[in-house]
Amino acid sequence: AVTSESGPGSTGWEPTSGETTGHPGECDDPFPNDDPFAVPAIPLQQCQESVMGTFDADFNVDWYRFSFGVDCDYSPFGTTLYASLSEPGRVCLFVDCESQDEPFCGDTGEPEFQDGLRGCCVAAPGQVGVVPFGCNVAPDLFVRVEPPFDGDFACQPYAVDVYAPS
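**Structural notes on the packing of aromatic side chains**
And step 1. Going through the model one piece at a time under the given rule, you end up with 4 aromatic pairs.
And step 2. Between Phe-37 and Phe-142, the aromatic rings sit 5.5 Å apart at their centres with planes inclined by 55°, giving tilted as the arrangement. Placement of Phe-37 in the loop between strand S1 (2-4) and strand S2 (41-43) and of Phe-142 in strand S8 (residues 140-146) is noted, with a sequence separation of 105 residues between them.
And step 3. A relative accessible area of 43% means that Phe-37 is categorised as partly exposed.
And step 4. Seen from their ring centres, Tyr-64 and Tyr-158 are 6.5 Å apart, and the 75° between their planes marks the pair as edge-to-face. Residue Tyr-64 is found in strand S4 (residues 62-67), and its partner Tyr-158 is found in strand S9 (residues 157-163); the two are separated by 94 residues along the sequence. Tyr-158 carries the same exposure label as Tyr-64, and that label is buried.

As C-alpha cells, then:
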C-alpha cells in the first residue's frame, strides 16, 4: 500500500483505483508496485517526497518511481540523489538514463543493476546516495524497498524519503 505524505491530489499523483492484490491471511495492497516500469511517477515536490508503504507479504519487494520537480537543481557532473528507509530492510536507488557509466555510490552503498537500471543499495534503516554520472538530463529515479529476510514482515508499514538538491 502506498500513500504520499504530501497527500494524494496535492502532487497530482494518486494510486490507480480498484487495483488490489492480497492473499487470504495477508494484508491488501491497494497499489501493487512490484514492477518498476508499471508504477506511475511521483513528482518530487520541492525536491523531496516521503511515501508510506506496507509490505503485503513476506519477501515482498516494492518499487517507487519519482520524477524531478522544476525547482530541483540537476547537473550531470556531481549531483547526489538520496533515498532513505526508516525500517529494517534494504533500500536501493536506481536512475534511468542513456549513460552506460556506472553510478557512483561512494560509501553509501554497493552498485547494483536491474532491468537496465543502474543504482546503489544499502542495508536499512539507512540512506543510499547515487551520483548518476553521464545522465545529461534529470533522470527518473526508481526506489526498490525490500523487507529483511529473517522474520515475519507481512503487513509491516515503512516510510521512504527521496530527495535531490534544490
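**Some words on unusual backbone geometry**
Glycine aside, the phi torsion of most residues is negative, and most peptide linkages are trans.
And step 1. Residue Pro-125 is reached from Ala-124 by a cis peptide bond, and omega for that bond is 10°.
And step 2. The phi dihedral of Gln-46 falls on the positive side, at around 55°, and the residue is not glycine.
And step 3. Note on placement: Gln-46 falls in the loop between S2 and strand S3 (48-54).
And step 4. Residue classification places Gln-46 among the exposed residues on the basis of a relative accessible area of 67%.
And step 5. Phi is positive for Asp-115, close to 50°, though the residue is something other than glycine.
And step 6. As for its position among the elements, Asp-115 is in the loop between strand S6 (110-114) and strand S7 (117-130).

**What to know about the side chain of Thr-79**
And step 1. Tracing the backbone through its elements, the reader meets Thr-79 in the loop between S4 and strand S5 (81-96).
And step 2. The exposure class of Thr-79 is buried, given its relative accessible area of 7%.
And step 3. Other than its neighbours up to four places away in sequence, Thr-79 contacts Asp-73, Tyr-74, Val-130, Val-131, Pro-132 and Pro-165.

**Some remarks on the state of the cysteines**
And step 1. Tallied over the entire structure, the rule returns 2 disulfides.
And step 2. In this model, Cys-105 is linked to Cys-120 through a disulfide, with the two sulfur atoms separated by 1.8 Å. Because the sign of the S-S torsion sets the handedness, a value of about -85° for the bond joining Cys-105 and Cys-120 places this disulfide among the left-handed ones. Within this pair, whereas Cys-105 is found in the loop between S5 and S6, its partner Cys-120 is found in strand S7, the two being separated by 15 residues in sequence.
And step 3. Relative accessible area serves as the criterion here: at 7%, Cys-105 is assigned to the buried category.

**Points about the pattern of salt bridges**
Pairs can form between side chains of opposite charge whenever their charged atoms are close.
And step 1. Counted by the stated rule, this structure contains 5 salt bridges.
And step 2. The partner of Asp-140 in a salt bridge is Arg-65, and the shortest N-O contact between them spans 2.9 Å. In this pair, Asp-140 sits in strand S8 while Arg-65 sits in strand S4, placing the two residues 75 residues apart along the sequence.
And step 3. Classification of Arg-65 by relative accessible area gives buried; the value is 18%.
And step 4. Where Glu-112 meets Arg-90, a salt bridge forms, and the shortest distance between an N and an O atom there is 2.8 Å. Placement of Glu-112 in strand S6 and of Arg-90 in strand S5 is noted, with a sequence separation of 22 residues between them.
And step 5. The class of Arg-90 is partly exposed, set by a relative accessible area of 28%.
And step 6. Linked by salt bridges that have partners in common, Arg-90, Glu-112, Arg-144 and Glu-146 make up one network.

**Describing the confidence of the model for the protein chain**
And step 1. In the predicted model, the protein chain carries a mean pLDDT of 74, and the fraction of residues at 70 or more is 76%.
And step 2. Predicted confidence for residues 1-25 stays below pLDDT 50, and this span has 52 contacts to residues more than four positions away or in other chains.

Cut-offs and rules
Residues numbered from 1 in each chain as written. Predicted model: local features only at pLDDT ≥ 70, side-chain atom pairs only at ≥ 80, totals over all residues. Heavy atoms only, no water. Phe/Tyr/Trp six-rings, centres within 6.5 Å; stacked < 30°, edge-to-face > 60°. Helix = DSSP H or I, 4+ residues; strand = E, 2+ residues; numbered from the N terminus. Buried < 20%, exposed > 50% of the residue type's maximum accessible area, 1.4 Å probe, protein only. Contact = heavy atoms within 4.5 Å. Disulfide = S-S within 2.5 Å. Salt bridge = Lys/Arg side-chain N within 4 Å of Asp/Glu carboxyl O. pLDDT = per-residue confidence, 0-100.

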